[in-house]
Amino acid sequence: MNPIRSLIRELAEKHGRRRESLLPIMLAVVEREKYLSEYSMVEIAREVDIPAAEVYGTATFYSFIETKPTGKYIIRICKTITCSMKGKNLVLFAIQDMLKIKLGETTPDKRFTLMETNCLGWCHKAPAMMVNNDVYTELTPEKVRDILSGYMKINELN
Amino acid sequence: MAIANQLKRVDFIFNNENDWEKVLSSSIKKKPQDLINELISSELKGRGGAGFPTGIKWKLAAEAKNDSKYIICNADEGEPGTFKDREILSKVPYKVLTAMAICGYITGAKEGFIYLRGEYKFLQTELQKAIDEFQYYCKEIKFDFSITIFMGSGAYICGEETALMESMEGKRGEPRNKPPFPTQNGYLDKPTVINNVETLVHTFTIFKYGAKKFYDLGVQYSRGTKLFSVSGDTPKPGIYELELGMSLQDFVYEFGDGDTKAVQVGGASGFLVPRKKFKDAAIGFKGKLTGISLPTGGSMMLFNSSRSMYNVLDNYLEFFREESCGQCTPCRVGCQQLLLGIKAVKRGEKPASYLEKLLRLTETMQLTAKCGLGQSVANSFSSIVENFQEEMIY
Amino acid sequence: MANTINVSINGFPVELEKGKTILEAAGKLGITIPTLCYHKDLCVAGNCRVCVVEVVGQARLSASCATPCEEGMEILTNSLKVRNSRKHIIELLLAEHNADCTKCYRNGNCELQKLSSEYKIMTQEFIELAPLKKYSIDMFSPSIIKDDSKCIRCQRCVRTCAELQGVNALTVAHKGDKMRITTFFEKAMRDVVCTNCGQCVNHCPTGALVEKNYIEEVWEAIANPIKHVVVQTAPAVRIGLGEELGLPPGSRVTGQMVSALKRLGFDSVLDTDFTADLTIMEEGTELLTRLKKVLVDHDETVKLPMATSCSPGWIKYIEHMYPQYLDNLSTCKSPQQMFGALVKTYYAKARNIDPENIVSVSIMPCTAKKFEAYRPEMHDSGFRDVDYVLTTRELAILIKQAGLDFNKLEPAKFDRLMGDSTGAGVIFGATGGVMEAALRTAYELVTGREVPFKNLNIEPVRGMEGIRETSIKIENPLKEWAFLDGVELKCAVAHGLVNAKTVMDTVKSGTSNYHFIEFMACPGGCLGGGGQPIPTSPEIRKKRAEAIYAEDGALTIRKSHENPEVQKLYRDFLKHPLSEVSHHLLHTKYTKRERY
């Protein structure tokens, strides 16, 4: 069986085939795949027995559920007020310069996807960003280059 | 409303005497009604921003007749400039869990949930460990109450209590019509108590020390302490527990960088107070902005004279435009109009008088939007536009 | 009193039941509060905020559709605060909406336009949003056009698709300024589970969802001297057309309709009721044959219950949702398609016209019929059996364009051949009608006696309950049907696909033991079809149903098998029901489709 299909089946077993399980199931698939594909949504709809359109409508409500393929590492840089005030744009430019991608894009090697996000809750240590679930704060262009270099090294090791 | 003379730091929330087991076991030996009375007499109000009396909320849920009831801890802390709940959940999670369990005891709920925002996913593992340990203790003392973490996934509006419940039910996080209220028809249509993380910790304080100790702090209508998330142009950003009722003047004296031009109280959905009004403004629950008292979820953002208030407003409005759930007209279309409108005025495409039209629009949004999000956009918009009109125009 | 409360509206007291909303209370006093997202067929959403009112003592306004009255409430529906806010909201909607009214299909019948006119919104001060968004129009479906630039996000279509139809082709997606009404993965309507029923069109307040119209194509055919343009009219059109032309709901206009069609230039004006009667002959015989195969031959390949197949929305629904039950569907084509297949064969031959030169037009209360006519299998005549399908609404447009004063038209009679109908054919337009017509004929065929109901009116299958059941015990049948002696024929009727789902689930779980089920996609049956006049509501549908049954009652022949033209058709052409010719022209196959 397709690994995502069996993952979704397992998740449905674990969380129960109820509407309340929809978000946990979607998030677990996103955790694995980084995004929710059309295929995954159809399978979730089938397993939980809810209309596919509703799965789509629900998924697209949540900013952290991507519906298009993304890189292995999703960079979400906070654009809300304090981070903006504290140099978010400089950090963003440094990332764009380093990865050669613009906002919303994924590097050709499918490692990084770059996005902006709303308040991450680290205003006292602005600017902040998340790389997947990990948070980095008090960013500077230098610091962010170091952080991303670290991720590139992990990738090379793998 | 009275204003406390000086800024008073308190240390209730983060003091970790590790006595939650004692607080839990002794509380559940008391009569639920006594606990409710204690809570009501403390005059604790919700710390998420709306300020509903917590004791009354618990009482309503306790009186609701139903086989199942739920307790939800709202940890969907998304208001720009707020980060206190994250700190509570990472430093003193047991207090939150204990408070939820006591609330379960009082209301008859056997299940609790912590709705944790997706941005705080890194907290999940540690929090789950705390829950496991907590549940172990509950089992030991034969107290039946389960707590489950429910992960959010990037939606500010899910901090609105009914939107949060919709989200937990596997739907789009769209606020419901009220009435009915959650204490009658909440999660899965069952009576539900939903409280902010900080509110729950305060109840812990009250159950531990008694209502009086809490009540004696603060001022009339705004009792006790509050966590403040301080950020922006300040030499000491961070989280501080302060007695309610302080004047903004004292606050800025303590936290400002000497050049504070304005303070945004209550995040993007709160009010911007310009320097000339600092001494008249107190932080509490009652009164109007001009009258002058500011309710707050605890976000305090300081701006010094290098900041453009136009940019600040532009940033807020972009936030609201994206984070509105989109279901109701005034909020969905209103937020877009406000953002496009100030841009047009700034670029000279619309006359300065268009700001008047937008101000009237925010009045309509305040009157007619379905939930607090759309209703409160007017707060920051009008307080910024009215106080810094010269920065808005071409 | 425990069950009533007292409130005042604009100073006038009103006493009403507990639990009623402010909107209902105002209605009781004859005060209309404008609404957009509210619809009598649907659950309350409370999201457009046009219906806000002031409750004295409350800081904020309340959505009257979503706010229950409380004892002592003082409500103001027209205070300055309310008026200004309401006007603002209309302005906001207009700023979001592509308000190019003169080029809109719903121009003149748009709820937003009407409100805008009532509130005299004369300027557009807010910034127009539609040009800033990259909207595209979905025109791929043969039935429905979806234009997001005209959408006001009231979600009536989404609720319709979910609550009335249980189809869920439409959903709300994204949030904030990007929130929109769309389908799974923003696919075209034709590529998702949409049944083309058109209930979304019927419930859309604006021009965001409209039928795909074939008005110009029909005018061109009429204008083409080589073409022989034949038109058929479905039963529910004659009780809906008047309403679309300004008469009250439930007006019966059969004669004027025929007269209008003749004046429009159709070469032959015929009646779908004729093939409705034919359907009964074929489907009734099919049912009896199936019963025999199951009860006598114990043939396990033959499925019961048999489900009707007249409603193309229902057909597409079962193809998507219950594809394992396609063998339970009657193989009979719908009356429209039987008609189409016969027009280009039997009729062409009888009238000595080259079928290639026949343009076959049908007037239907339905948008799914447009899709049905486009189905690849509907070419049994060797041509496209039905060329163009117009809705009741489109016919009204034709009549207006031709400048006909409908009320002054002298009633006319349908042409022959294929213009004769019975009361049984007419009641196809109402939920339960196919069942009633089938029972009138089947019972008589089997027993030689009329159905044991007063005046042939089988009341248990009439009405607007979502699901209705009845059973008829067969006693003393004719010799050839002796195996049915004592059999209690169990029947069910479901209308609105959400009810179809309920019934199908009982079939699936084995908890029902029906022999025969009538399914209609639309609430009320065809009279509430997606191509019928807008607005619709339970009360309006009730009036239309009364008109249908009155039409039936007024006819002398009320049993399908007594239709003289049907009898002639069998004599001259088909020979007998389920004959080889019948199988070729009048029966069809179904296609399994994806549910997701």
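Conventions we followed
Residues numbered from 1 in each chain as written. Chains lettered and ligands numbered in written order. Predicted model: local features only at pLDDT ≥ 70, side-chain atom pairs only at ≥ 80, totals over all residues. Helix = DSSP H or I, 4+ residues; strand = E, 2+ residues; numbered from the N terminus. Buried ≥ 20, exposed ≤ 12 C-beta atoms within 10 Å, placed from the backbone. Contact = placed C-beta atoms within 7 Å. Domains from an automatic or database assignment. Pairing = 2+ DSSP bridges. Nonpolar A, V, L, I, M, F, W, Y, C, P; charged D, E, K, R; others polar. Axes fitted to C-alpha atoms, helices over the stretch in contact; angles between N-to-C directions. Core = buried A, V, L, I, M, F, W, Y, C linked by C-beta atoms within 7 Å. Parallel < 35°, antiparallel > 145°, perpendicular 65-115°, else oblique. Expected span 1.5 Å × (residues − 1). pLDDT = per-residue confidence, 0-100.

Colleague: What is the right way to read the overall build of chain C from this model?
Modeller: Tallying secondary structure elements over chain C gives 19 helices and 18 strands in all. Overall size of chain C, expressed as C-alpha extent along the three principal axes, is 80 × 60 × 50 Å. Out of the 596 residues in chain C, the part that is buried amounts to 55%. For chain C, restricting intrachain contacts to residue pairs at least 6 apart in sequence, the fraction spanning at least 24 positions comes to 74%.

Colleague: I keep staring at the overall build of chain A and nothing clicks. Help me out?
Modeller: Looking only at helices and strands, chain A has seven helices and four strands in total. Each helix (α) and strand (β) of chain A, taken in turn from the N terminus, gives the series α-α-α-α-β-α-α-β-β-β-α. Buried residues in chain A amount to 48% of all 158 residues. Long-range pairs, those at least 24 residues apart, make up 60% of the contacts in chain A between residues at least 6 apart in sequence.

Colleague: Explanation requested: the domain arrangement of chain A in the structure shown.
Modeller: By a widely used convention, the size of an interface equals the accessible area lost when the partners come together. Here the domain parsing of chain A yields domain 1 (3-59) and domain 2 (73-157). Here the C-alpha centroids of domain 1 of chain A and domain 2 of chain A sit 28 Å apart.

Colleague: How should the pairing of strand β9 (residues 260-265) of chain B be read in this particular structure?
Modeller: Regular strands place side chains that alternate from one sheet face to the opposite one. Residues and elements named next belong to chain B. Counting buried residues in β9 gives five out of six residues, a clear majority hidden from the surface. Sheet topology note: the β9/strand β13 (residues 299-304) ladder contains five bridges and is antiparallel. In the sheet register, V265 faces β13, and the bridge partner there is M300. Of the strand pairs in this sheet, β9 and strand β10 (residues 271-274) are connected by four bridges, and their pairing is antiparallel. Across the sheet, the residue bridging to V263 is V273, located in β10. In this antiparallel pair of consecutive strands, β9 and β10, the connection spans five residues, and G266 shows a positive phi of 95°.

Colleague: What is the right way to look at unusual backbone geometry in this model?
Modeller: For residues other than glycine, phi is negative in most cases, and the peptide bonds are mostly trans. Residue P127 of chain A is bonded to the preceding A126 of chain A through a cis peptide linkage, with omega at -5°. Considering the arrangement of structural elements, one finds P127 of chain A in the loop between β2 (112-117) and β3 (129-131). For the bond from R416 of chain C to L417 of chain C, the omega torsion is -5°, close enough to zero to count as cis. The residue D49 of chain A is not glycine, and still its phi comes out positive at about 60°. Take D49 of chain A: it is sitting in the loop between α3 (38-48) and α4 (52-59). With phi around 70°, M418 of chain C is a residue other than glycine that occupies positive phi space. For M418 of chain C, the position within the fold is in the loop between α13 (392-401) and α14 (423-426). For M418 of chain C, a count of 26 C-beta atoms within 10 Å gives the class buried.

Colleague: Sorry if this is basic, but what is going on with the interface of chain B and chain A here?
Modeller: Each partner contributes residues to the interface: chain B has 38 residues there, and chain A has 31 residues. Among the elements of the structure, α7 (161-168), β7 (225-232) and α11 (309-323) of chain B are those that each provide at least two residues to the side of chain B that touches chain A. Here the side of chain B that touches chain A takes six residues from α11 of chain B, the largest share from any one element. Looking at the side of chain B that touches chain A residue by residue, the classes come out as 14 nonpolar, 14 polar and ten charged.

Colleague: Please clarify how the domain arrangement of chain C should be interpreted in this entry.
Modeller: Residues and elements named next belong to chain C. When its domains are assigned, chain C resolves into domain 1 (4-78), domain 2 (92-211) and domain 3 (280-333 + 421-586). Centre-to-centre separation of domain 2 and domain 3, based on C-alpha positions: 35 Å. Facing the 15 residues of domain 2 at the interface are 17 residues of domain 3. Counting residues per element, the ones that place at least two in the side of domain 2 that touches domain 3 are α4 (156-164) and α5 (199-203). Top element by residues in the side of domain 2 that touches domain 3 is α5. It accounts for three residues. When the residues that make up the side of domain 2 that touches domain 3 are grouped by side-chain class, the tally is five nonpolar, eight polar and two charged.

Colleague: I'm lost on the sheet that holds strand β12 (residues 268-271) of chain C in this one. Help?
Modeller: Strand pairs in the sheet, formed through backbone hydrogen bonds, run parallel or antiparallel to each other. Residue and element names in this part refer to chain C. Pairing is parallel across the open sheet formed by four strands, whose spatial order is β12-β11-β14-β15. For this open sheet the edge positions go to β12 and β15 (388-391), each flanked by a neighbour on one side alone. Neighbour-to-neighbour, the strand axes of this sheet turn through a mean angle of 25°, independent of strand direction. Bridge count for strand β11 (residues 228-233) against strand β14 (residues 358-364) is six bridges, and the pairing is parallel. Across the sheet, the residue bridging to V230 is S360, located in β14.

Colleague: Help me out: how do you make sense of the nonpolar core in this one?
Modeller: The nonpolar side chains of a soluble globular protein tend to be buried, and buried together. Counting 346 residues, the largest nonpolar core has M26 and A128 of chain A together with V96 and M100 of chain B as its most contacted members. Here this core takes ten residues from helix α5 (residues 93-107) of chain B, the largest share from any one element. Residues in contact with A128 of chain A, not counting those within four places in the same chain, are C78, C83, L120, W122, V135, Y136, T137 and L139 of chain A.

Colleague: Sorry if this is basic, but what is going on with the pairing of strand β1 (residues 4-9) of chain C here?
Modeller: Residue and element names in this part refer to chain C. On β1, burial follows the alternation: I5, V7 and I9 on one face are buried, whereas T4, N6 and S8 on the facing-out side are not. Two successive antiparallel strands, β1 and strand β2 (residues 12-17), enclose a turn made up of two residues, where N10 displays a positive phi of approximately 50°. Relative to strand β5 (residues 74-76), β1 runs parallel, the two being bridged by two bridges. Looking at the pairing, I9 lines up with I75 of β5.

Colleague: For this particular structure, what's the right way to read the sheet that holds strand β17 (residues 488-495) of chain C?
Modeller: Residues and elements named next belong to chain C. The sheet built from four strands is open, its strands ordered β13-β18-β17-β16 with mixed pairing. In this open sheet, the two strands that pair with only one neighbour each are β13 (306-307) and β16 (467-473). Both β13 and strand β18 (residues 516-520) contribute to a ladder of two bridges, which runs parallel. Looking at β18, one finds that A307 is bridged to I517. Together, β16, β17 and β18 form the strand contacts of helix α16 (residues 497-509), whose direction differs from that of β17 by roughly 145°.

Colleague: Hey, could you run me through the environment of Q124 of chain B in this one?
Modeller: All names here are of chain B. Structurally, the position occupied by Q124 is in helix α6 (residues 124-140). Assessed through the 16 C-beta atoms surrounding it within 10 Å, Q124 is described here as partly exposed. Along the backbone, Q124 and M151 are 27 residues apart, and their C-alpha atoms lie at a distance of 8.5 Å. Q124 has contacts with L116, I149 and M151, leaving out every residue within four places of it along the chain.

Colleague: Would you take a moment to explain the packing of helix α1 (residues 20-27) of chain B against α5 of chain B for this structure?
Modeller: The angle between the axes and the distance between the axes are what describe a pair of packed helices. All names here are of chain B. Contact geometry of α1 with α5 gives a least axis separation of 10 Å together with a crossing angle of 5°. Between α1 and α5, the angle is such that the two are roughly parallel. On the side of α1, the interface is formed by W20, V23, L24 and S27, while α5 contributes Y94, K95, T98, A101, I102 and Y105. Taken together, the residues of the contact of α1 with α5 break down into seven nonpolar, two polar and one charged.

Colleague: Explanation requested: the packing of helix α13 (residues 354-368) of chain B against helix α2 (residues 80-96) of chain C in the structure shown.
Modeller: For the pair α13 of chain B and α2 of chain C, interaxial distance at closest approach is 10 Å and the crossing angle is 105°. Classified by the angle between their axes, α13 of chain B and α2 of chain C sit roughly perpendicular to one another. Across the interface between the two elements, L361, T364, L367 and T368 of chain B of α13 of chain B pack against K81, S85, H88 and I89 of chain C of α2 of chain C. Classifying every residue of the contact of α13 of chain B with α2 of chain C by side-chain character gives three nonpolar, four polar and one charged.

Colleague: Explain the environment of T391 of chain C here, please?
Modeller: Residue and element names in this part refer to chain C. Here T391 is to be found in strand β15. Considered as a pair, T391 and I31 are 360 residues apart in the sequence and their alpha carbons are 34 Å apart. If near-sequence neighbours (up to four positions away) are discounted, T391 is found in contact with E211, M364, P365, C366, T367 and G531.

Colleague: Sorry if this is basic, but what is going on with helix α8 (residues 197-209) of chain B here?
Modeller: Side chains of residues three or four places apart in an α-helix project in the same direction, reflecting 3.6 residues per turn. Residue and element names in this part refer to chain B. In this model, α8 (13 residues) spans 19 Å end to end at C-alpha, consistent with the 18 Å of a helix rising 1.5 Å per residue. Burial in α8 covers these residues: V197, E198, T199, L200, V201, H202, T203, F204, T205, I206 and F207. Residue G210 follows α8 closely and has a positive phi angle near 95°.

Colleague: Please explain the confidence of the model for chain C as it appears in this structure.
Modeller: Regions with low pLDDT carry predicted coordinates that are not meant to be interpreted in detail. Summarising the model, chain C shows a mean pLDDT of 96, and 100% of its residues fall at 70 or more. ipTM for the predicted complex: 0.96, alongside a pTM of 0.96.

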